[in-house]
Amino acid sequence: MDLFGEALAKAESDCRGLSFEDVTALLGAGEVERPRLYALADRVRSRRLGEEVHLRGIIEFSNYCTGTCLYCGLRSGGERVHRYRMEPAEILEAAGEAAGMGLKTIVLQSGEDPFYTVKILSGVISAIKKLDVAVTLSVGVRTPEELRAFREAGADRYLLKHETADPALFARLRPGTTLADRVGSLRLLKRLGYQAGSGGMVGLPGQTAPSVARDLLLMRDLDVEMAGLGPFIPHPGTPLGGSPAGSLEMTLTVLAVARLVMPEVHLPATTALGTIDPRGRGLALRCGANVIMPNVTPRRYRSHYSIYPGKTGVDRDPYASVREMRLLIESLGRREAAGYGHSPKKAYSE
Ligand code: 5AD
Ligand code: SF4
């Protein structure tokens, strides 16, 4: 049997035992091999997590950012970005609308924006928790004290993507920051009792195949509850504007292998994948993904949260976005999860 076949057989019998070489062989799947890889990832997803798809309503509440990531349209100094901040009352209204539609997780996402002090953000978190939903934060790097305070205010989960497990590439793409610090922050989040989410981009300029294998093994090692993996999409207003985008096939391959490496991890079908191909999110849900994140940001702000160009859904309101995702789930013969969607890896008190 070839290396791919051997690795696939191993994934079927003993997911946990996959080595760096196995993961690299799986990631190297060609056109002929991909259907078998996708089918196994879909089976593992079904066996471990069932047919439920978790909806997470995401509120992009501020597009101010002090970061200068080379790939991101919201980087500080980026011209042509109309900056906005939602008032706490507006954030609460959006969260109330999402909860009213039956969503059980609210994701609060922003650039790295110090305007939202620990006092402001903790107030928002505890008010949203009264809506009987889980709260995920995706607000970038914060001090350990702030992270502790957010947790005490009721935040359940925290997304902090490691972006790339290649330390040199990381340092080049995220000036002034290091992969080691990022990994340290992820370990701290776990210690503080957060369900932690990491992830990265597929097809970054300068990214190598072995480093993608390391992305997955790093997340297995960190024992993250969520792995957000989407294609890199060049933004014309950034230094990487002229680079090619990550492909649909490569992203689906990475998702499928992620499902085999981390059988019970929450794996979203990302908006970025839906942006490079209208079929992207549906295909992702059929090769390992079990989460989808409808945008519940008020329509007037959406086009300004321009991390990458052409983002799907900017012309819709929260109701239309949630309806679209529910129809997608139904069309695949899956069903919407009824609970909070905590990680099945451990028994979390609900
Ligand atoms: N293409 C795809 N995803 C991107 N992100 C940032 N810039 C891009 C881009 N050009 C993702 C990163 C980051 C999140 C805010 O969006 O993974 O974590
Ligand atoms: Fe800011 Fe995040 Fe974009 Fe980096 S990726 S510039 S931290 S919003």
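Scroll up a little and you will see the structure.
Residues numbered from 1 in each chain as written. Chains lettered and ligands numbered in written order. Predicted model: local features only at pLDDT ≥ 70, side-chain atom pairs only at ≥ 80, totals over all residues. Heavy atoms only, no water.

Student: What is the right way to look at the packing of helix 2 (residues 20-27) against helix 10 (residues 248-261) in this model?
Tutor: Helix-helix packing is described using two parameters, namely the angle between the two axes and the distance between the axes. The N-to-C vectors of helix 2 and helix 10 enclose an angle of 145°; their axes lie 9 Å apart at closest approach. For helix 2 against helix 10, the interelement crossing comes out right-handed. Of helix 10, the residues touching helix 2 (which contributes V23, L26 and L27) are M250, T253, V254, V257, L260 and V261. Class assignment of the residues belonging to the contact of helix 2 with helix 10 gives a composition of 8 nonpolar, 1 polar and no charged. (Axes fitted to C-alpha atoms, helices over the stretch in contact; angles between N-to-C directions. Helix = DSSP H or I, 4+ residues; strand = E, 2+ residues; numbered from the N terminus. Left-handed = near helix turned anticlockwise from the far one by under 90°. Contact = heavy atoms within 4.5 Å. Nonpolar A, V, L, I, M, F, W, Y, C, P; charged D, E, K, R; others polar.)

Student: So what exactly am I meant to see when it comes to the pairing of strand 3 (residues 105-110) here?
Tutor: Walk down a regular strand and you will see the side chains alternate between the two sheet faces. Most of strand 3 is tucked away, with 6 of its 6 residues classed as buried. Burial along strand 3 is two-sided: T105, V107 and Q109 facing one way and I106, L108 and S110 facing the other are all buried. As paired strands, strand 3 and strand 4 (residues 134-138) are joined by 5 bridges and run parallel to one another. When the sheet's bridge partners are listed, V107 is paired in strand 4 with T136. (Buried < 20%, exposed > 50% of the residue type's maximum accessible area, 1.4 Å probe, protein only. Pairing = 2+ DSSP bridges.)

Student: Could you clarify how one ought to interpret the nonpolar core in this entry?
Tutor: Core analysis: the largest hydrophobic core is formed by 103 residues, its most contacted members being L37, I59, L108, L216 and L260. Here the element with the most residues in this core is helix 10; it accounts for 9 residues. If sequence neighbours within four positions are ignored, I59 has contacts with M86, I91, A94, A95, I106, V107, L108, Q109, V296 and T297. The next biggest cluster of nonpolar side chains, apart from the first, holds 6 residues, and it includes V107, L159, M226 and M293. (Core = buried A, V, L, I, M, F, W, Y, C linked by side-chain atoms within 4.5 Å.)

Student: Please clarify how the site of ligand 1 should be interpreted in this entry.
Tutor: Around ligand 1 sit Y71, C72, K161, E163, M201, P231, F232, I233, I307 and Y308, and that is every residue in its neighbourhood. E163 has a polar side-chain atom sitting 2.5 Å from an oxygen atom of ligand 1. When ligand 1 is considered free in solution it has 400 Å² of accessible area, and contact with the protein chains removes 84% of it. (Near = heavy atom within 4 Å. Polar contact = N/O pair within 3.5 Å; in protein donor to acceptor, adjacent residues only side chain to side chain. Areas by Shrake-Rupley, 256 points an atom, 1.4 Å probe, with all protein chains shown as cover.)

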